[in-house]
Amino acid sequence: MRAGVLVAIGGAAAVLVATVPASAFYSGGDPETYYGTVVTSVEAHRGWQGNEGVAFEPVGYFTQRLPDDEFDDILLNLVNAYREQNGRSPVRQFEGLRVQSAIWSNKLADQRNADMMDPWYAEDAVVACNPLQDVYTDSTWSAGNPQDVFNAWMADPAARNGLLLPGAETAGIATVAEESDYYTTIRIAGGRCPGDGLPFRSEPTGLPKPTLIVDAKGSQLTLQVIRQGNAQLRVEVQRLENGLWFKQADLYVLPDGDPVEVSPPAGTYRFVVPAQSGYDFAACDPLTVSESSIR
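About the criteria used
The numbers attached to residues start from 1 for each chain and follow its sequence in the written order. This being a predicted model, a pLDDT of at least 70 is required before a residue's local features are given, and a value of 80 or more before pairs of side-chain atoms are given or counted; all residues contribute to the totals for chains, interfaces and linings. Neither water nor hydrogens contribute to the side-chain values; these are computed over all heavy atoms in the structure. Strands are treated as partners if at least two bridges between them are detected by DSSP. Comment: elements are numbered from the N terminus, with helices defined as DSSP H or I runs of at least four residues and strands as E runs of at least two. Orientation is described by axes fitted as lines to C-alpha atoms, over the contacting stretch for helices, and by angles from 0 to 180 degrees between their N-to-C directions. Throughout, a residue-residue contact means that at least one pair of heavy atoms, one from each residue, lies within 4.5 Å. pLDDT is a residue-level measure of predictor confidence that goes from 0 to 100. For this analysis, a polar contact is any N or O atom pair within 3.5 Å, provided that within protein one partner can donate a hydrogen and the other can accept it, and provided that sequence-adjacent residues contribute only side-chain to side-chain pairs. Throughout, nonpolar core names a set of buried Ala, Val, Leu, Ile, Met, Phe, Trp, Tyr and Cys residues whose side chains join them through atoms within 4.5 Å. Summary of the burial criterion: residues with accessible area below 20% of their type's maximum are buried, those above 50% are exposed, and those between are partly exposed, where the area comes from a 1.4 Å probe applied to protein chains only. The salt bridge definition used is simple: a Lys or Arg side-chain nitrogen within 4 Å of an Asp or Glu carboxyl oxygen.

A few words on the pairing of strand β10 (residues 244-253). For a regular strand, the rule is simple: side chains alternate between the two faces of the sheet. Strand direction decides the pairing type here: strand β9 (residues 233-241) and β10, joined by nine bridges, are antiparallel. If you follow leucine 233 over to β10, its bridge partner there is valine 253.

Take a look at the structure:
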């Protein structure tokens, strides 16, 4: 949103009209454009690292709600006032970092759960801030009052310390609404934002995929990997929690070897083979373990 400012000159009829942002943040009006570049950059960075198998939900899987500019501007002012009271320099907003906060806020809103662990902020923040010295993040639910969000941060010793991150220059604060529930994520970063850009490389296409043969019986999962070559192959066991996949264990499975048995607690799991050794990423369909029994 933008607001016009009218200034009378010397009591005369002449009026000067100046248009200024109502907020330090300006998310625009096109969600696809707002999120598109950052989502593409983060996913390219993950591909460049060869970590497609890491237990992260794909970055682009979320409802594209635009963040509330005025809400977040109020929070930025509260954060900077607190930093100045404690001898810290103010942080400026950077929309590229804020987009990443908005992605996570949207994921929380999709799940209607503000308590999910944010597993990827430090790694992916380098897309916006490179080099990245440090980053603090926190997510909070509210009924729509920025002061309530700030009060929640003040009531949490870890959040209070995080807001005072020494040497920080940049912040990305993003609040999205789902009906009457508001989800806010803040990232405060030390480093150069915007960054220099990362040396993304094009991953080869058409790589062969290993074949996973999996089965679930009661509390037991079995896995066999079929591929050419004799190198060991790392496989991740991932557990579904609040709509996100988290790594539970690494397995090293010989190609064409005997099946490997895993007996985790009850829940929903999958096996994932990260892109490695000239083979493409592969994952099996989710499997349900119906009993709790650890061997």
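This next bit is on the sheet that holds strand β7 (residues 211-217). Read from one edge of the open sheet, three strands run β7-β8-β11, paired in antiparallel fashion. Single-partner strands in this sheet number two, and they are β7 and β11 (260-262). For this sheet the average axis-to-axis angle between neighbouring strands, irrespective of direction, equals 20°. Two elements, β7 and strand β8 (residues 220-226), share seven bridges in a ladder whose sense is antiparallel. For alanine 216, the partnering residue across the bridge sits in β8 and is leucine 221.

Another point: the pairing of β9. Where β9 folds back onto β10 in an antiparallel hairpin, the turn is made up of two residues, including asparagine 242, whose phi is positive at roughly 55°. Pairing of β9 with strand β12 (residues 267-273) involves four bridges; the strand directions are antiparallel. Within β12, the residue paired with glutamine 238 across the bridge is arginine 270.

The next subject is the sheet that holds strand β3 (residues 92-93). Here we have four strands laid out as an open sheet, ordered β3-β5-β6-β4, and mixed in their pairing. With partners counted over all chains shown, the strands left at the sheet margins are β3 and β4 (132-142), one partner each. Strand direction decides the pairing type here: strand β5 (residues 170-178) and strand β6 (residues 181-191), joined by nine bridges, are antiparallel. Paired with alanine 177 across the two strands is tyrosine 182, which belongs to β6. Packed on one face of the sheet, helix α2 (residues 69-85) meets β3, β4, β5 and β6 and runs near 140° to β5. Packing of helix α5 (residues 146-154) onto the sheet brings it into contact with β4 and β6, and relative to β4 it is tilted by some 120°.

Take the confidence of the model for the protein chain next. For the protein chain, mean pLDDT is 81; residues scoring 70 or higher make up 81% of the total. Below a pLDDT of 50 lies the segment residues 1-21, which in the model reaches 27 contacts outside its immediate sequence neighbourhood of four places, other chains included.

Tracing the sequence through the fold places glutamate 95 in helix α3 (residues 95-111). Polar side-chain contacts of glutamate 95 include one of 2.7 Å to the side chain of tyrosine 34. Ignoring anything within four residues of it in the chain, the contact list for glutamate 95 reads Phe25, Tyr26, Ser27 and Tyr34.

Attention shifts here to the nonpolar core. Core analysis: the biggest nonpolar cluster contains 21 residues, and Tyr35, Val39, Val99, Ile103, Trp104 and Tyr183 have the highest contact counts within it. Going through the elements one at a time, α1 (31-49), α3, β5 and β10 are the ones with two or more residues in this core. Counting residues per element, this core draws most heavily on α3, at six residues. Every residue in contact with tryptophan 104, bar those within four places of it in the chain, is listed here: Met116, Met117, Asp118, Pro119, Trp120, Ser139, Thr185, Arg187 and Leu244. Within the second largest apolar cluster, 20 residues are counted, among which are Phe71, Tyr136, Ile186 and Ile188.

Enumeration according to the criterion identifies nine salt bridges in this entry. Between aspartate 72 and arginine 98 there is a salt bridge, with the nearest N and O atoms lying 2.6 Å from each other. Of the two residues, aspartate 72 sits in helix α2 while arginine 98 sits in helix α3, which places them 26 residues apart along the sequence. Of the residues examined, aspartate 72 reaches a relative accessible area of 0% and is grouped as buried. The exposure class assigned to arginine 98 is buried, which follows from its relative accessible area of 0%. Among the charged side chains, a network of salt bridges with common partners joins Asp69, Asp72, Glu95 and Arg98.

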